[in-house]
Amino acid sequence: MSGSARTMTTVNERMVFLDGSRLIIEAMARAGAGAYIGYPITPVNWLFAGAKERIPIALEAPDEITALQWAAGFSSSGVFPVTASAFPGFALMIESINMSFMMELPMVIILAQRLGPSTGSATTGGQGDLLLLRGCISGGYSLPVFCPSNLNDCWDLAAASVHTAVNLRTPVVLLTSKEMVMTNQNMDISGLKEVERAERHMHEGNGEYKTYGANGNLAPPFLPLGNDLHQVRLNSSTHDTEGITQKNSPEALGNTERLKDKVEQNIDDYTYYDHDRDESADTVILTYGISAEAAREAVGLLRAGGESISLLVMKTLLPVPPRIYELLAAYRHVVVVEENIVGLLRELLYGNHQHDRIHGVNKIGHMITPQEIAEGVRQCRIPF
């Protein structure tokens, strides 16, 4: 990792030595997180420690299923919940995440990747969970998934996760990694953006209220359970706009289709990426998360050697923003860098079919180095 070690500061700089977990929790607290529910698992333990200091309610659940169920309870009562886990715990949460998706309960689940499969190696990093997230909702629906590429992103995307969850009334996943939330780096925090509190779009007045009567951005106005004026029906079965179970009526099926539409049709509101473009380059390095810092250094190495290269860092991973395909179409070669051996991002974007213009730099057990990425770029340019 390229941490920006600095020996001098100006009067406006505030240098600190920290990991991403503290930034994530602080940003979410400022955005309005009211409860954190956690079950101890490496590498997310520092998130729970930070939450106990900054989030009004911090509870230790007896297991991950309970953590997600408690999160759903807080959300339905109007308190914004956050939870976190690694793959083994997230796998236990999946049914309850589906429930929360169907009930349209806003929350953030932080998923810190580590080397798998299964319990794998708890203290070794990895990027192996992307396609798990693509398929975790029955029916193929997408959850919004953000992925920080550095400490600044930990701050910005943590806040964006809360806002997106509230705006769309949906669970959101912040996909991070062991190194991002456990490895301390030097950081100048004077440039961090102000975080605004996310406010739910509430139903107002005494008029008719339908729990799933959507308008505007396709996300229904919210009322908490137990309010004095209206009955609120939260339902994880197929239901109509009033929340009443129906097997397959047009209204109920239309309500289910809306869950897909509200996430996809609002994608421009939460599309985040960095595109460092070299106008003369025919090759782009595409990456995300913990591999991004090495990719940035690789770009510096290549350019220092007189080679043209561009870099695209995806920060919104799901649903895949159409803008990403537009940017990639401009290049003859796409070199996808990720810390796994099968190429999850390549498969997400291009399927299992092998493309002559799509190349991979992959590795497990150790972080990918800038030199390995630069060599991968040079290899892809060698004519067959």
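Our subject is the structure that appears above.
What you see is a predicted model, and the numbers here were worked out from it, not measured in a lab. (Residues numbered from 1 in each chain as written. Predicted model: local features only at pLDDT ≥ 70, side-chain atom pairs only at ≥ 80, totals over all residues. Heavy atoms only, no water.)

Chemist: Is there a simple way to explain the packing of helix H1 (residues 20–31) against helix H6 (residues 151–168) in this structure?
Modeler: Angle between the axes and distance between the axes: these two values describe a pair of packed helices. In the contact formed by H1 and H6, the axes pass within 8 Å of each other and the chain directions differ by 35°. Our pair here, H1 against H6, has a crossing hand that is right-handed. For the pair H1 and H6, contact is made by Gly20, Leu23, Ile24, Glu26, Ala27, Met28, Arg30 and Ala31 and by Leu151, Cys154, Trp155, Ala158, Ala159, Val162 and His163, respectively. When its residues are assigned to classes, the contact of H1 with H6 shows eleven nonpolar, two polar and two charged. (Axes fitted to C-alpha atoms, helices over the stretch in contact; angles between N-to-C directions. Helix = DSSP H or I, 4+ residues; strand = E, 2+ residues; numbered from the N terminus. Left-handed = near helix turned anticlockwise from the far one by under 90°. Contact = heavy atoms within 4.5 Å. Nonpolar A, V, L, I, M, F, W, Y, C, P; charged D, E, K, R; others polar.)

Chemist: I keep staring at the pattern of salt bridges and nothing clicks. Help me out?
Modeler: Two side chains with opposite charge may pair up if their charged atoms get near one another. With the rule as written, the count across this model stands at 18 salt bridges. Across the pair Lys262 and Glu104 runs a salt bridge, and its minimum N-O distance is 2.7 Å. Note that Lys262 is positioned in helix H8 (residues 250–265) and Glu104 in the loop between helix H4 (87–103) and strand E5 (107–113), a separation of 158 residues in sequence. For the pair Lys262 and Glu104, one class covers both residues: buried. In this structure, Asp153 and Lys315 form a salt bridge, with 2.9 Å as the shortest nitrogen-oxygen distance. Separated by 162 residues along the polypeptide, Asp153 in helix H6 and Lys315 in the loop between strand E11 (310–314) and strand E12 (316–318) bring together distant segments of the chain. In this structure, a network of salt bridges that share partners links the residues Asp153, Asp274, Glu293, Arg296 and Lys315. (Salt bridge = Lys/Arg side-chain N within 4 Å of Asp/Glu carboxyl O. Buried < 20%, exposed > 50% of the residue type's maximum accessible area, 1.4 Å probe, protein only.)

Chemist: What's the story with a nonpolar patch on the surface in this structure? I'm lost.
Modeler: Taken together, the side chains of Ile57, Leu59 and Trp70 make up a nonpolar region of the molecular surface, amounting to roughly 220 Å² of accessible area. Tracing the backbone shows Trp70 in helix H3 (residues 64–76). You can call Trp70 partly exposed: its relative accessible area is 34%. (Patch = residues over 30% accessible without salt bridge, like charges linked within 9 Å, V, L, I, M, F, W, Y side chains within 5 Å. Areas by Shrake-Rupley, 256 points an atom, 1.4 Å probe, with all protein chains shown as cover.)

Chemist: Please explain unusual backbone geometry as it appears in this structure.
Modeler: Across residues other than glycine, the phi torsion is negative in most instances, and most of the peptide bonds are trans. A cis geometry characterises the amide bond from Thr42 onward to Pro43, with omega recorded as 15°. Within the fold, Pro43 resides in the loop between strand E2 (33–38) and helix H2 (45–54). Residues Leu318 and Pro319 are joined by a peptide bond in cis, for which omega reads -15°. In this structure, Pro319 sits in the loop between E12 and helix H10 (322–328). Even without being glycine, Arg169 reaches a positive phi, approximately 50°. Within the secondary structure, Arg169 sits in the loop between H6 and strand E7 (171–177).

Chemist: It is not clear to me how the nonpolar core should be interpreted in this structure. Could you clarify?
Modeler: As a rule of thumb, soluble globular proteins bury nonpolar side chains together. Among the nonpolar cores identified, the biggest contains 51 residues, and Leu286, Leu317, Leu328 and Leu345 are the most heavily contacted of them. Core analysis: the second largest hydrophobic core is formed by 47 residues, Ile25, Val166, Ile189 and Ile290 among them. (Core = buried A, V, L, I, M, F, W, Y, C linked by side-chain atoms within 4.5 Å.)

Chemist: Can you walk me through the packing of aromatic side chains in this structure?
Modeler: Two aromatic rings are characterised by how far apart their centres lie and by the angle between their planes. Inspection of every chain in the model, using the stated rule, returns five aromatic pairs. Here Phe146 and Tyr272 contribute two aromatic rings whose centre-to-centre distance is 5.7 Å and whose plane-to-plane angle is 70°, an arrangement assigned as edge-to-face. Of this pair, Phe146 sits in strand E6 (residues 145–146) while Tyr272 sits in the loop between H8 and strand E9 (273–276), and the two are 126 residues apart along the sequence. Taking relative accessible area as the criterion, Phe146 reaches 0% and is therefore assigned buried. Judged by centre distance (6.5 Å) and plane angle (90°), the rings of Tyr325 and Tyr350 are edge-to-face. Here Tyr325, found in helix H10, pairs with Tyr350, found in helix H11 (residues 344–350); they are 25 residues apart in sequence, far enough to count as distant. Grouping aromatic residues by their ring pairs yields a cluster made of Phe146, Tyr270 and Tyr272. The positively charged end of Arg200 is found above the aromatic ring belonging to Phe222, 4.2 Å away from the centroid. (Phe/Tyr/Trp six-rings, centres within 6.5 Å; stacked < 30°, edge-to-face > 60°. Lys NZ or Arg CZ within 6 Å of the ring centre and 35° of its normal.)

Chemist: Before we go on, may I ask you to explain the pairing of strand E13 (residues 333–338) in this structure?
Modeler: The side chains of a regular strand alternate, first on one face of the sheet and then on the other. Counting buried residues along E13, six of its six residues qualify, which places the element largely inside the surrounding structure. Burial along E13 is two-sided: His333, Val335 and Val337 facing one way and Val334, Val336 and Glu338 facing the other are all buried. Examined bridge by bridge, strand E10 (residues 283–288) and E13 share five bridges and lie parallel to one another. Note that in E13 the partner of Ile285 across the bridge is Val335. Across five bridges, E13 lies against strand E14 (residues 358–362) in parallel orientation. Bridged to Glu338 within E14 is Asn362. In terms of handedness, the path from E13 via H11 over to E14 forms a crossover that is right-handed. (Pairing = 2+ DSSP bridges. Right-handed = clockwise from strand over helix to strand, strands pointing away.)

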